[in-house]
Amino acid sequence: MPKDAAVEEFAGLVRALKERDGRSYEALGRRLSVSASTLHRYCSGATVPQEFAVVDRLALLCGADEEERRALEAAWTEAERARRRTASPAPTPVPAVSAAPESNPEPSAPEPGPGPAPDPTAPEADRARPRRGAPAPLLVAAAVGLVVLALAAALLGHPTRTASAPAPASTAPGRTAAPLPFTWSIGSQLWEGGCGHTYLVDRAPRAVAPPPVAADSGVWAGTHGAVHGGEALVRVTVQGRSPSDAVVLHALHVRVVDRAAPLPWNAYRMDNGCGGAVTPRHFAVDLDRPRPLARPVDGLDASGAKVRKIPAVSFPYKVTSSDPEELLVSARTAGCDCRWYLELEWSAGGRTGTVRITDGGKPFRTSGTRGRPAYVHDSAEGRWITDSDSEQTG
């Protein structure tokens, strides 16, 4: 592969992400904490980032899936190697030294041979004058010294990277050398009690289909480009691969990769309010906090004569193939359009790791609905009407 081909390939992948997202260099740069000019240099191939982390954040921000992120990381690794090769100075050529005079020396030859031996009858000053070939050893020594200094400067400039041991590529969370000792799956289009939910849609009421049943919510949301309004419910089902060897779950973390102003879209409520006898235990997440935490909350079962508390999940927690667990996350926001994902810490059989929980390789997305026009569906008239209860405050 030519020296710059790897850089060009990497830059092309970064450009494709940026163009697919559609936001400006300034807008994306603010989300990534880099300048617009720096991001432009990544996209043009003028610069290769020294760390993959910033590129991985860009990939998540632009909705790249796991396969795209793996390809991007491989391209970055090759581009970074090419960048280091280009940055390293080429060795200075060492002039050849002849052991004997040229057989047919020319006055204009670039490498003149040694001159004749000094005439013993010549004056003392002439005999002391150095011969023409005498500076050759000095040139060799100087050239070797320059090479040594150049190599030393290159090594000092990259104290953690050497030609024999290139820096390892960054590894995305959740990627391990061996298969995970457990499986996980998610449900990201859940409604409270199976009926209550709000979506933000960038369409007028006449262009929005009636509310679907909860089981078809994913198709409805995808068709309308809908975003969870005020709250997103995410269910993570974790199951071990062995009935006897337990996997220990240690913690659940929330990572926000992008914050923007709430979407200026219409809010569509899937119902006029509903409730159930059972409030499941869950993890409450306040996305408006600078560092959101997944806070365990007890559930309640009011289906019997007496209300019964359902204890919250307490880490560490064990799962096996015969004893799986569902982790329900309720992520709320009033003041941002947030893109976020989860990280689950685990250990099993002497191994430890962190798996990244995403929505099919993309971040989950939740936006506040405060002040947005709100609509409910009138089934009798077959159309969306203004919600007269109150202004959306989610």
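For the structure itself, consult the block above.
Fair warning: this is a prediction, and the values are worked out from it, not measured in the lab.

Novice: Pulling in residues and values, what's your account of the state of the cysteines?
Specialist: Inspection of the entire model under this criterion finds one disulfide. Here C336 connects covalently by a disulfide to C338, the sulfurs 1.8 Å from one another. Its torsion about the S-S bond being -110°, the disulfide of C336 and C338 is classed as left-handed. Of the cysteine sulfurs around C43, a residue in no disulfide, the closest is that of C62, at 8.9 Å. By relative accessible area, which is 1% here, C43 ends up buried. Assessed through its relative accessible area of 9%, C62 is described here as buried.

Novice: How would you sum up helix α1 (residues 5–21)? Please name residues and give values.
Specialist: Given 3.6 residues per turn, any residue in an α-helix points the same way as the ones three and four places further on. With 17 residues, α1 should cover 24 Å at 1.5 Å per step; its first-to-last C-alpha distance of 25 Å lies within 8% of that length. Within the span of α1, buried status applies to A6, V7, F10, A11, V14, L17 and K18. Down the axis, α1 shows its buried residues gathered within 130° of arc, on one side only. Exposed side chains of α1 directed beyond 90 degrees from the buried face belong to E8 and E19.

Novice: Account for the sheet that holds strand β7 (residues 278–279), with residues named and values stated.
Specialist: Overall, antiparallel pairing links the three strands, which are arranged β7-β10-β11 in an open sheet. Bordering the open sheet on either side are β7 and β11 (308–310), each of which pairs with just one other strand. The sheet contact formed by β7 and strand β10 (residues 299–301) spans two bridges and is antiparallel. Among the inter-strand pairings, T279 is bridged to a residue of β10, identified as L300.

Novice: Describe in detail the pattern of salt bridges, supporting the description with residues and values.
Specialist: Per the counting criterion, the structure on display carries 17 salt bridges. Here R20 ties to E68 by a salt bridge, and the two come within 2.9 Å at their closest N and O atoms. With a gap of 48 residues between them, R20 in helix α1 and E68 in helix α5 (residues 66–87) connect regions that are remote in the sequence. Exposure remark for R20: the relative accessible area of 44% places this residue in the partly exposed category.

Rules and cut-offs
- Residues numbered from 1 in each chain as written.
- Predicted model: local features only at pLDDT ≥ 70, side-chain atom pairs only at ≥ 80, totals over all residues.
- Heavy atoms only, no water.
- Disulfide = S-S within 2.5 Å.
- Buried < 20%, exposed > 50% of the residue type's maximum accessible area, 1.4 Å probe, protein only.
- Helix = DSSP H or I, 4+ residues; strand = E, 2+ residues; numbered from the N terminus.
- Expected span 1.5 Å × (residues − 1).
- Arc of directions from axis to C-beta.
- Pairing = 2+ DSSP bridges.
- Salt bridge = Lys/Arg side-chain N within 4 Å of Asp/Glu carboxyl O.

Function-wise, these values are silent; they only describe arrangement.
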